[in-house]
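Letter by letter, the chains look like this.
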Amino acid sequence: DVKVTQSSRYLVKRTGEKVFLECVQDMDHENMFWYRQDPGLGLRLIYFSYDVKMKEKGDIPEGYSVSREKKERFSLILESASTNQTSMYLCASSFLGQINNQPQHFGDGTRLSIL
Amino acid sequence: QQQVKQSPQSLIVQKGGISIINCAYENTAFDYFPWYQQFPGKGPALLIAIRPDVSEKKEGRFTISFNKSAKQFSLHIMDSQPGDSATYFCAASTDGGATNKLIFGTGTLLAVQP
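Here's what I pulled together on the structure shown here.

About the thresholds
- Residues numbered from 1 in each chain as written.
- Chains lettered and ligands numbered in written order.
- Predicted model: local features only at pLDDT ≥ 70, side-chain atom pairs only at ≥ 80, totals over all residues.
- Heavy atoms only, no water.
- Pairing = 2+ DSSP bridges.
- Helix = DSSP H or I, 4+ residues; strand = E, 2+ residues; numbered from the N terminus.
- Contact = heavy atoms within 4.5 Å.
- Buried area = accessible area lost by both parts, 1.4 Å probe.
- Salt bridge = Lys/Arg side-chain N within 4 Å of Asp/Glu carboxyl O.
- Polar contact = N/O pair within 3.5 Å; in protein donor to acceptor, adjacent residues only side chain to side chain.
- Disulfide = S-S within 2.5 Å.
- Buried < 20%, exposed > 50% of the residue type's maximum accessible area, 1.4 Å probe, protein only.
- Core = buried A, V, L, I, M, F, W, Y, C linked by side-chain atoms within 4.5 Å.

Glancing now at the pairing of strand β7 (residues 64-70) of chain A. Taken together, the five bridges between β7(A) and strand β8 (residues 73-78) of chain A define a ladder with antiparallel strand orientation. For A:Lys70, the partnering residue across the bridge sits in β8(A) and is A:Arg73.

Dropping the structure here:
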C-alpha cells in the first residue's frame, strides 16, 4: 500500500530555532511536495521537487528551504522559525506527470507550533 | 494570489441529501481538476478528477460537473452519509500534468447530520 510518512505528528519549537521536518515515501515517486494548511487558506505549496537534488519554489517559499538527497526523502527546513510559521505541514508525493491521473499521495501531517 | 475560488467554506447537510461544493477558476490554461477529501487527522486523498474535454464524471455517489465556458466546476455528493463528513478541496493543474503541480482551493468543511 502507498505510504508517505512524516516523522512527527506534533512538534513544538521556539522562535529563532532551525526546524527540520522529514518526509519519506516508499512508492519510488519522482515528485515530492511540501504544503502548509491553514484554516480558510487551504493548501499552499511551499516547495516541490521532481528529482533528487532538484527543487522549485512554490507559492510561499519565504522562510523555508528544502533538501532532497535521496529519491525517497524530502526535508523541509525552517531556517529561523517564527510564530507565523505555526501551521499544519503536509508532505505529498506522486509519479512525474499526470498520465492516467496519477494522484498526489499525502502524509498525515505535522502540526508545528512555534512559541 | 488565489487562482481557484471555492465555496461554501462550510456546509451542513442532512443524511440522504445532496451536498454541492463549487469552484471557480480564472486561468484558462488549467487542464486537470481533481477533488481531494480529507478526514480529521489524515492527509487529503484523491476522490475524483476530471479533464475539460468532458462535462461530467460520475463515480458512485460522487459527480463532478464541469462548465468550461463559465470556468466553474462542482462536486455533487448524492445520498450524503455521515461518513462523508470531511473537508473537501478542489484543485487545478496548469501545465498539462508535466510536474503534477496542483493549485488548491480553500476547502469546504462538510458535516452530514444523521
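From this point, the discussion proceeds with the structure in view.
Below, the discussion takes up the interface of chain B and chain A. Many analyses report the size of an interface as the accessible area lost when the parts associate. At the interface, 22 residues of chain B touch 24 residues of chain A. When the two sides are added together, the surface that chain B and chain A hide from each other amounts to roughly 1900 Å², 48% of it contributed by carbon and sulfur. Between the two partners, chain B and chain A, sit one salt bridge. Where B:Lys42 meets A:Asp108, a salt bridge forms, and the shortest distance between an N and an O atom there is 3.7 Å. On the surface where chain B and chain A come into contact, there are four residue pairs in polar contact (both at pLDDT 80 or more).

Our next topic: the state of the cysteines. By definition, a disulfide links the sulfur atoms of two cysteines through a covalent bond. Scanning the entire structure with this criterion turns up two disulfides over all chains. One disulfide in the model links A:Cys23 with A:Cys91; its S-S distance is 1.9 Å. The sign of the S-S torsion, about -75°, decides the handedness of the disulfide formed by A:Cys23 and A:Cys91: left-handed. Pair noted here: A:Cys23 is in strand β3 (residues 19-25) and A:Cys91 is in strand β9 (residues 87-94), with a separation of 68 residues, a long-range link. Of the two residues examined, A:Cys23 and A:Cys91, each falls in the buried class. With its sulfur 1.9 Å from that of its partner, B:Cys23 forms a disulfide with B:Cys90. In this structure, the disulfide formed by B:Cys23 and B:Cys90 twists by about -95° around the S-S bond and is classed as left-handed. Linking B:Cys23 in strand β3 (residues 19-25) with B:Cys90 in strand β9 (residues 86-92), this pair joins segments that are 67 residues apart in sequence. Residue classification places B:Cys90 among the buried residues on the basis of a relative accessible area of 0%.

Membership of the largest hydrophobic core comes to 25 residues, with the highest contact counts inside it found for B:Val4, B:Phe33, B:Trp35, B:Phe73, B:Leu75 and B:Tyr88. If you list the elements that add at least two residues to this core, you get β2 (10-14), β3, β4 (33-38), β5 (45-50), β7 (62-67), β8 (72-77), β9 and β11 (108-113) of chain B. By size, the runner-up hydrophobic cluster in this structure holds 21 residues, among which are A:Leu21, A:Met27, A:Met32 and A:Val66.

With that settled, consider unusual backbone geometry. All names here are of chain B. In this model, Ser7 is joined to Pro8 through a cis peptide bond whose omega is -5°. In the Ramachandran plot, Lys71 falls in the positive-phi region, its phi being about 55° despite a non-glycine side chain. Mapped onto the elements, Lys71 comes out in the loop between β7 and β8. A relative accessible area of 27% means that Lys71 is categorised as partly exposed.

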